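Okay, here's what each chain looks like letter by letter:
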Amino acid sequence: MTTTSKPTKRRPDNQPFDFNLDAIEPPAELSPFLVQFSGKRWSFLHMQELDCWGLLEAAREGQVSAMLGAFKAALGDQFGEFRKLRMPQWKLKPLFAAWQKHCGMNEDGTPIDAADDTSD
């Protein structure tokens, strides 16, 4: 019994990769989300600007940890000062929902225009 192996396809030298991640641009401007709280202006990065690795690590611990990780990443150096302020729970959900809406996301984290998304 003879076995034949498929010949290996060689990538042309002028095509050194299959996908150029460096060339990807955001589909829209990712403007920061500005919040007034305790008499001060706070600037949250757009959710799509957040570094995914820290968020993925935080998400391992569950939804609350993921949300905290998102706030830490979005506020950056401001987080320590923001965290010192007393925030009642009833303000947290509207804050997060408004941030999601600003970023074009539904409450479940899917894009608001998901029905129109053909990027898959």
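Whatever comes next refers back to the structure up there.
Notes on the structure in this doc start here.

Rules of the game
Residues numbered from 1 in each chain as written. Predicted model: local features only at pLDDT ≥ 70, side-chain atom pairs only at ≥ 80, totals over all residues. Heavy atoms only, no water. Helix = DSSP H or I, 4+ residues; strand = E, 2+ residues; numbered from the N terminus. Rg over C-alpha atoms; globule rule 2.2 N^0.38 Å. Buried < 20%, exposed > 50% of the residue type's maximum accessible area, 1.4 Å probe, protein only. Contact = heavy atoms within 4.5 Å. Areas by Shrake-Rupley, 256 points an atom, 1.4 Å probe, with all protein chains shown as cover. Lys, Arg positive; Asp, Glu negative; His and termini not counted. Charge placed at Lys NZ, Arg CZ, Asp CG, Glu CD. Disulfide = S-S within 2.5 Å. Axes fitted to C-alpha atoms, helices over the stretch in contact; angles between N-to-C directions. Parallel < 35°, antiparallel > 145°, perpendicular 65-115°, else oblique. Left-handed = near helix turned anticlockwise from the far one by under 90°. Nonpolar A, V, L, I, M, F, W, Y, C, P; charged D, E, K, R; others polar. Core = buried A, V, L, I, M, F, W, Y, C linked by side-chain atoms within 4.5 Å. Phe/Tyr/Trp six-rings, centres within 6.5 Å; stacked < 30°, edge-to-face > 60°.

What to know about the overall build of the protein
When helices and strands are tallied, the protein shows four helices and two strands. Reading the helices (α) and strands (β) of the protein from amino to carboxyl end gives β-β-α-α-α-α. Radius of gyration (C-alpha) of the protein: 21 Å, far over the 14 Å computed for a compact globule of 120 residues. Principal-axis analysis of the C-alpha atoms gives the protein an extent of 75 × 30 × 30 Å. Here the protein holds 120 residues, and the buried ones make up 19% of them. Long-range pairs, those at least 24 residues apart, make up 52% of the contacts in the protein between residues at least 6 apart in sequence. Total accessible area on the protein is roughly 10100 Å²; 53% of this is exposed by carbon and sulfur atoms. Between the centroid of the 14 positive side chains of the protein and the centroid of its 17 negative side chains there is a distance of 8 Å.

Examining the state of the cysteines
One pass over the full model with this rule turns up zero disulfides. Lacking any disulfide linkage, C103 is separated from the closest cysteine sulfur, that of C52, by 16 Å. On the basis of relative accessible area, C103 is assigned to the buried category, the value being 9%.

Quick word on the packing of helix α1 (residues 52-59) against helix α2 (residues 63-75)
The packing of two helices is summarised by the inter-axis angle and the distance between the axes. It is the contact of α1 with α2, at a shortest axis distance of 7 Å, that shows an interaxial angle of 155°. One element, α1, and the other, α2, form an angle in the roughly antiparallel class. Note that α1 runs across α2; the crossing there is right-handed. Between α1, through L55, A58 and A59, and α2, the contact on the second element is made entirely by S65, A66, G69 and A70. Counted by class, the contact of α1 with α2 contains five nonpolar, two polar and no charged residues.

Topic: the nonpolar core
One finds V35, W42, F44, F71, F82, L95 and W99 to be the most contacted residues of the largest nonpolar core, which totals 18 residues. At four residues, α2 tops the list of elements feeding residues into this core. V35 has contacts with K40, R41, W42, F44 and L95, leaving out every residue within four places of it along the chain.

Side note on the packing of aromatic side chains
Note on aromatic pairs: each is described by the distance of the centres and the angle between the planes. Here the structure, examined in full by the defined rule, presents nine aromatic pairs. Ring geometry for F37 versus F82: centroids 5.6 Å apart, planes at 55°, classification tilted. Highlighted residues: F37 in strand β1 (residues 33-37) and F82 in helix α3 (residues 79-84), separated in sequence by 45 residues. F82 matches F37 in its accessibility class, with the two residues each being buried.

Concerning the environment of A58
Mapped onto the secondary structure, A58 falls in helix α1. Sequence-wise, A58 and G80 are 22 residues apart; in three dimensions their C-alpha atoms are separated by 17 Å. In this view, A58 contacts S65, A66 and G69; residues no more than four positions away in its chain are not counted.

A closer look at the packing of α2 against helix α4 (residues 89-102)
In the contact formed by α2 and α4, the axes pass within 13 Å of each other and the chain directions differ by 65°. Between α2 and α4 lies a crossing whose hand is left-handed. Contacts from M67, A70, F71 and A74 of α2 reach α4 at L92, L95, F96 and W99. Classifying every residue of the contact of α2 with α4 gives eight nonpolar, no polar and no charged.

All we've got here are geometric facts, nothing functional implied.
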